[in-house]
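Breakdown of the fold
One-letter residues, chain by chain:
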Amino acid sequence: MSAKFNLDYYNGIDGYSDGDIEDELLEIVKQHKEYDEILANDNRWPILYHLSPIRQNIINWYPFKKDASCLEIGGGCGAITGALCQRLASVKVVELSKRRATILYERHKHFDNLEVFVGNLNDIEFQEKFDYITLNGVLEYAGSFTKTNDPYADFLKQIKSYLKPDGKLIIAIENRYGLKYFSGAKEDHTAKEFDGITGYIGNDTVRTFGKKELEELLKRSGYPQQEWYYPHPDYKMPMEIYSSQWLPSATTLLAPAPNFDYERYTLFSESDAFKGIIENEQFEFFANSFLVICGE
């Protein structure tokens, strides 16, 4: 038995890509089961981002229910898919890009509890409901693929129809007011300094949110129950994950957030700044990323 690869909903167009390096990624996952040696000798960001086992830290600690099902929306090249397949009875993945979906499939095709769907979620109708749905670096792009007057809320409402009544939506996303952006890191999606902080002026296709914004967006989209976590230095390469019940103390040394894909300014010491922020009980506002487990 092996994973399934479903092309029934693919329209022949890959909407986004990291470029030809994805062809390299495909060959790597075809030829290798482990990537430690490759990661040690290739410092290109797409290689690190898609293949690093650190990516799984965002989800491999979570106590999933036994015999549960999951819908992973925007699976990319499968960075967390394997962790989901190891812990859940059934995993379905939707990925817009055929090339990325092929990488994901080749990487995890040995899991017989996995089915990969290539296409836009808006074109797919699932007959089942899921215990969990994951949006790992996906919600911020809702303005690009949901063409309504309120795309972020409408996208969240749409996927709620696929959740069981006691199901959980798991969202990982950058904080537009993350301290790294004040310190000089470029906005992850637009590559502009201070772009999220100043409100994405002139851009209506991608956005992240502050904590209060995201709380209210989730509430009006049907997710009033929320558990908040704070991956550090961010959700992409999390080394620690704090929570509202377990926040860092002022003596905790929080490492500055690296920028692997862009050169960045370092306007001040983020580690020193976090000390005062924590003492003033503002860590949750300035955390670089959010992980939210939410439901009805």
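Now for a description of the structure that goes with this document. (Residues numbered from 1 in each chain as written. Predicted model: local features only at pLDDT ≥ 70, side-chain atom pairs only at ≥ 80, totals over all residues. Heavy atoms only, no water.)

Topic: the overall build of the protein
The number of helices and strands found in the protein is 11 helices and 9 strands. Relative to the 2.2 N^0.38 estimate, which gives 19 Å for 296 residues, the radius of gyration of the protein is 19 Å and therefore close to what a compact globule would have. In terms of overall dimensions, the protein has a C-alpha envelope of 55 × 45 × 40 Å along the principal axes. Per-residue burial for the protein yields a buried fraction of 53% across its 296 residues. Here the protein displays about 13,700 Å² of accessible surface, and carbon together with sulfur accounts for 48% of that area. (Helix = DSSP H or I, 4+ residues; strand = E, 2+ residues; numbered from the N terminus. Rg over C-alpha atoms; globule rule 2.2 N^0.38 Å. Buried < 20%, exposed > 50% of the residue type's maximum accessible area, 1.4 Å probe, protein only. Areas by Shrake-Rupley, 256 points an atom, 1.4 Å probe, with all protein chains shown as cover.)

Structural notes on the sheet that holds strand 3 (residues 90–95)
Strands sit in the order 1-4-3-2-5-6-9-7-8 across an open sheet of 9 strands; the sheet is mixed. Looking along the sheet, the strands with just one partner apiece sit at the ends: strand 1 (4–6) and strand 8 (240–243). Here the strands of the sheet are splayed against their neighbours by 20° on average, with no regard to which way each runs. The sheet strands contacting helix 7 (residues 151–160) are strand 2 (69–73), strand 5 (130–136) and strand 6 (163–174), and the helix crosses strand 6 at an angle near 145°. Each of strand 6, strand 7 (225–232) and strand 9 (289–295) touches helix 9 (residues 211–220); the most contacted strand, strand 7, lies at about 145° to it. (Pairing = 2+ DSSP bridges. Axes fitted to C-alpha atoms, helices over the stretch in contact; angles between N-to-C directions. Contact = heavy atoms within 4.5 Å.)

Examining the packing of helix 7 against helix 9
At their nearest, the axes of helix 7 and helix 9 sit 9 Å apart, and the two run at 50° to each other. Between helix 7 and helix 9, the crossing angle belongs to the class labelled oblique. Here the hand of the crossing between helix 7 and helix 9 comes out right-handed. Here Tyr152, Ala153, Leu156 and Lys157 of helix 7 lie close against helix 9, whose contacting residues are Leu217, Leu218 and Arg220. (Parallel < 35°, antiparallel > 145°, perpendicular 65-115°, else oblique. Left-handed = near helix turned anticlockwise from the far one by under 90°.)

With respect to helix 10 (residues 270–279)
Within helix 10 the residues assigned to the buried category are Glu270, Ser271, Phe274, Ile277 and Ile278. An end-on view of helix 10 places all buried positions within 115° of arc, on one side of the element. Buried-residue contacts for helix 10 involve helix 8 (179–183), strand 7 and helix 11 (283–286). Trailing helix 10 by a residue or two, Glu281 shows a phi angle of about 60°, which is positive. (Arc of directions from axis to C-beta.)

Comments concerning a nonpolar patch on the surface
A contiguous nonpolar patch, built from Phe194, Tyr265, Leu267 and Phe268 and spanning about 390 Å² of accessible area, is present on the exposed surface. Note that Leu267 resides in the loop between strand 8 and helix 10. (Patch = residues over 30% accessible without salt bridge, like charges linked within 9 Å, V, L, I, M, F, W, Y side chains within 5 Å. Salt bridge = Lys/Arg side-chain N within 4 Å of Asp/Glu carboxyl O.)

Description of the nonpolar core
In this structure, Leu135, Leu139, Leu156, Ile159, Leu169 and Leu214 are the most contacted members of the largest nonpolar core, which totals 42 residues. For this core, the leading source of residues is helix 7, giving 5 residues. In this view, Leu156 contacts Leu135, Leu139, Leu169, Ile171, Leu217, Leu218, Ser221 and Tyr223; residues no more than four positions away in its chain are not counted. (Core = buried A, V, L, I, M, F, W, Y, C linked by side-chain atoms within 4.5 Å.)

Description of the pattern of salt bridges
Pairing is possible between side chains that carry opposite charge, provided their charged atoms lie close to one another. By the definition in use, this model includes 21 salt bridges. Notably, a salt bridge pairs Asp131 with Lys164, separated by 3.3 Å at the nearest N-O pair. Residue Asp131 is located in strand 5, and its partner Lys164 is located in strand 6; the two are separated by 33 residues in the primary sequence. Relative accessible area serves as the criterion here: at 7%, Asp131 is assigned to the buried category. Across the pair Glu215 and Lys211 runs a salt bridge whose closest N-O atoms are separated by 2.7 Å. With Glu215 and Lys211 both in helix 9 and 4 residues apart, the pair spans about one turn of that helix.

Here we look at the environment of Asn11
Here Asn11 is to be found in the loop between strand 1 and helix 1 (21–31). Separated by 243 residues in the primary sequence, Asn11 and Leu254 have C-alpha atoms spaced 45 Å apart. Reaching out from Asn11, the side chain makes a polar contact with the backbone nitrogen of Ile13 at a distance of 2.9 Å. (Polar contact = N/O pair within 3.5 Å; in protein donor to acceptor, adjacent residues only side chain to side chain.)

Description of the packing of helix 1 against helix 5 (residues 98–108)
Between helix 1 and helix 5, the shortest axis-to-axis distance is 9 Å and the interhelical angle comes to 15°. Here helix 1 is positioned roughly parallel relative to helix 5, judged by the angle of their axes. The hand of the helix 1/helix 5 crossing is left-handed. On helix 5, the residues touching Glu22, Asp23, Leu25, Leu26, Val29 and Lys30 of helix 1 are Arg99, Arg100, Thr102, Ile103, Glu106 and Arg107. Here the residues of the contact of helix 1 with helix 5 are counted per class, giving 4 nonpolar, 1 polar and 7 charged. (Nonpolar A, V, L, I, M, F, W, Y, C, P; charged D, E, K, R; others polar.)

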